[in-house]
Amino acid sequence: MGYRALEGWGALPGIQLPRVFFEAPPELVAPRLLGKLLAHRTGGLVFAGRIVEAEAYLGPHNDPPDPAAHAHRGPTPRNRVLFGPAGHAYVYAIYGRYFCMNVTCEIEGRAGCVLLRALEPLGRTDGAEVAQMIRNRGLDPGGFSAGKLARQLASGPGRLCQALGITRLRHNGLDLADPASPLQIRDDGYTVTEVLTTARIGIREAVDWPLRFFLPGNRCVSGAKNLIGKRVPLSVEFD
DNA sequence: AGGCCGATCCTCT
DNA sequence: GAGGATCGGCCTA
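Residues numbered from 1 in each chain as written. Chains lettered and ligands numbered in written order. Predicted model: local features only at pLDDT ≥ 70, side-chain atom pairs only at ≥ 80, totals over all residues. Heavy atoms only, no water.

Thoughts on the overall build of chain A
(1) Moving on: When you go through chain A residue by residue, the secondary structure sums to 6 helices and 10 strands.
(2) Moving on: Whereas a compact globule of 239 residues would reach a radius of gyration of roughly 18 Å, chain A reaches 17 Å, a difference of no more than 12%.
(3) Moving on: Dimensions of chain A, computed from the C-alpha atoms along their principal axes, are close to 50 × 40 × 35 Å.
(4) Moving on: Across the 239 residues that make up chain A, the buried fraction comes to 52%.
(5) Moving on: The contacts of chain A with a sequence gap of at least 6 include a subset with a gap of at least 24, amounting to 66%.
(6) Moving on: Just so you have it, chain A exposes about 10,900 Å², and 53% of that area is on carbon and sulfur atoms.
(7) Moving on: Of the side chains in chain A, 28 bear a positive and 22 a negative charge, and the two mean positions are spaced by 7 Å. (Helix = DSSP H or I, 4+ residues; strand = E, 2+ residues; numbered from the N terminus. Rg over C-alpha atoms; globule rule 2.2 N^0.38 Å. Buried < 20%, exposed > 50% of the residue type's maximum accessible area, 1.4 Å probe, protein only. Contact = heavy atoms within 4.5 Å. Areas by Shrake-Rupley, 256 points an atom, 1.4 Å probe, with all protein chains shown as cover. Lys, Arg positive; Asp, Glu negative; His and termini not counted. Charge placed at Lys NZ, Arg CZ, Asp CG, Glu CD.)

Some points on the packing of helix α2 (residues 128-137) against helix α3 (residues 146-154)
(1) Moving on: Two numbers describe how α2 lies on α3: the axes approach to 10 Å, and their chain directions differ by 55 degrees. In terms of orientation, α2 and α3 fall into the oblique class. Crossing angle aside, the handedness with which α2 passes α3 is left-handed. Note on element contacts: α3 touches α2 through L149, Q152 and L153, opposite V130, M133, I134 and R137. (Axes fitted to C-alpha atoms, helices over the stretch in contact; angles between N-to-C directions. Parallel < 35°, antiparallel > 145°, perpendicular 65-115°, else oblique. Left-handed = near helix turned anticlockwise from the far one by under 90°.)

Let's talk about the protein's contact with DNA strand C
(1) Moving on: Around DNA strand C, the neighbouring residues are R73, T76, P77, R78, Y95, G96, R97, R168 and K225.
(2) Moving on: If you look at DNA strand C and keep only atoms within 4 Å of the protein, 81% of those are sugar or phosphate atoms.
(3) Moving on: R78 is positioned such that a nitrogen or oxygen atom in its side chain is 3.3 Å from a phosphate oxygen of DNA strand C.
(4) Moving on: Contacts to DNA strand C include R97, whose side-chain N or O atom sits 3.4 Å from a base nitrogen.
(5) Moving on: Counted by class, the surface near DNA strand C contains 2 nonpolar, 2 polar and 5 charged residues. (Near = heavy atom within 4 Å. Polar contact = N/O pair within 3.5 Å; in protein donor to acceptor, adjacent residues only side chain to side chain. Nonpolar A, V, L, I, M, F, W, Y, C, P; charged D, E, K, R; others polar.)

Description of the pattern of salt bridges
(1) Moving on: Summed over all chains, the structure comprises 8 salt bridges.
(2) Moving on: Linking D188 and R50 is a salt bridge whose minimum nitrogen-to-oxygen distance equals 3.0 Å. Here the residue D188 occupies a position in the loop between β7 (183-187) and β8 (196-198), and R50 occupies one in strand β3 (residues 45-57), the gap between them amounting to 138 residues.
(3) Moving on: Under the relative-accessibility criterion, D188 is labelled partly exposed at 34%.
(4) Moving on: Here D66 makes a salt bridge to R200, at a shortest N to O gap of 2.7 Å. Within this pair, whereas D66 is found in the loop between β3 and β4 (89-94), its partner R200 is found in the loop between β8 and β9 (212-214), the two being separated by 134 residues in sequence.
(5) Moving on: Taking the relative accessible area as the measure of exposure, D66 reaches 1% and is therefore buried. (Salt bridge = Lys/Arg side-chain N within 4 Å of Asp/Glu carboxyl O.)

So, the packing of aromatic side chains
For any pair of aromatic rings, geometry is given as the distance between the ring centres together with the angle between the planes.
(1) Moving on: The tally for this structure, following the rule as stated, stands at 2 aromatic pairs.
(2) Moving on: Plain terms: the ring middles of F21 and F22 are 5.2 Å apart, the flat faces sit at 70 degrees to each other, and that makes the pair edge-to-face.
(3) Moving on: Its relative accessible area of 0% is what places F22 among the buried residues.
(4) Moving on: Directly above the ring of Y190 sits R50, whose terminal nitrogen or CZ lies 4.1 Å from the centroid. (Phe/Tyr/Trp six-rings, centres within 6.5 Å; stacked < 30°, edge-to-face > 60°. Lys NZ or Arg CZ within 6 Å of the ring centre and 35° of its normal.)

Some words on the nonpolar core
(1) Moving on: The biggest cluster of nonpolar side chains holds 52 residues, and the ones touching the most others in it are F22, L33, L38, M101, L116 and I185.
(2) Moving on: Top contributing element to this core by residue count: β3, with 6 residues.
(3) Moving on: Membership of the second largest hydrophobic core comes to 14 residues, among which are A69, Y90, C100 and I203. (Core = buried A, V, L, I, M, F, W, Y, C linked by side-chain atoms within 4.5 Å.)

All quantities given are derived from atomic positions and should not be read as evidence of function.
Have a look at this one:
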C-alpha cells in the first residue's frame, strides 16, 4: 500500500494482461482485476493506479438478466462496445459532469463488463504524474497529507477517470490488450490474499446482488460505510 | 419533440 | 445526511 516510486519504469509498469484474461464472466473477472494496474500514457506522462475496487455488470444473456446493467435492454449507440470483444474500454458520461470506465468481458455478443470503482494511485508524491493528477481533479496541492491525498485522487469511478484523464471521446472503445494502446491493464506481480464482496453501489435494481469486490483494508476503497463484506473463496478465484 | 434521470461528486448543515 | 449541479441518452408520445 501507499505511494510507490515510478522512477525506473522504462515505459509502463508490469506486464500487459492478455485478452484471454477478460474472456470470462464479469463476476469472475472483477475480483481477479483487483491488485492489477490501470495505466494511461499521455503527454509524456504515465498515470497509473492499482485497482482496489470493482463491480461486475452482467450481460442480458444471463438468467435472470441483470436489470442494473447498461446492456440490459440490448445494444444502443452508447453501449455498443459492451457487445464487442473482451478487453476493451467502455467509457460513458454520467450526471453531465463525470465519466465512468468499464472493461468488457466474455466474448463478442455477450455484454458482461466490470466497472472500475477505485484505484490506489501510483507515483512519487513530489513527481510530475501526481502533480498532474491533482490538477486533473481540481484539488488544492497543499491541502492534504500524503495519505489523504491518495484517497482523494481516485477513490470513486468518476474520480479515477478524472485523475487519469480518461474521457468518453478519447477512450471509449480502446483495446486494452493492444500493446500500442495508451490505456492498458497490467500486472506488476502484486499478490492479492483476500477479496471481499458486497452489493453494488448507486443502483436501483438488483440492489442485493453481491457483485461489488474490493481489497479489505485498502484506504483507497470508496465510501466509509461500504467496507464490511463477505469473503470471496480463494479456491474459486485463484486456481 | 420533449421529459426524465442516472453504475457521481462536492458542499453545506 | 441531504441536496444541487448538469447533460447525453433513452423512452414515450
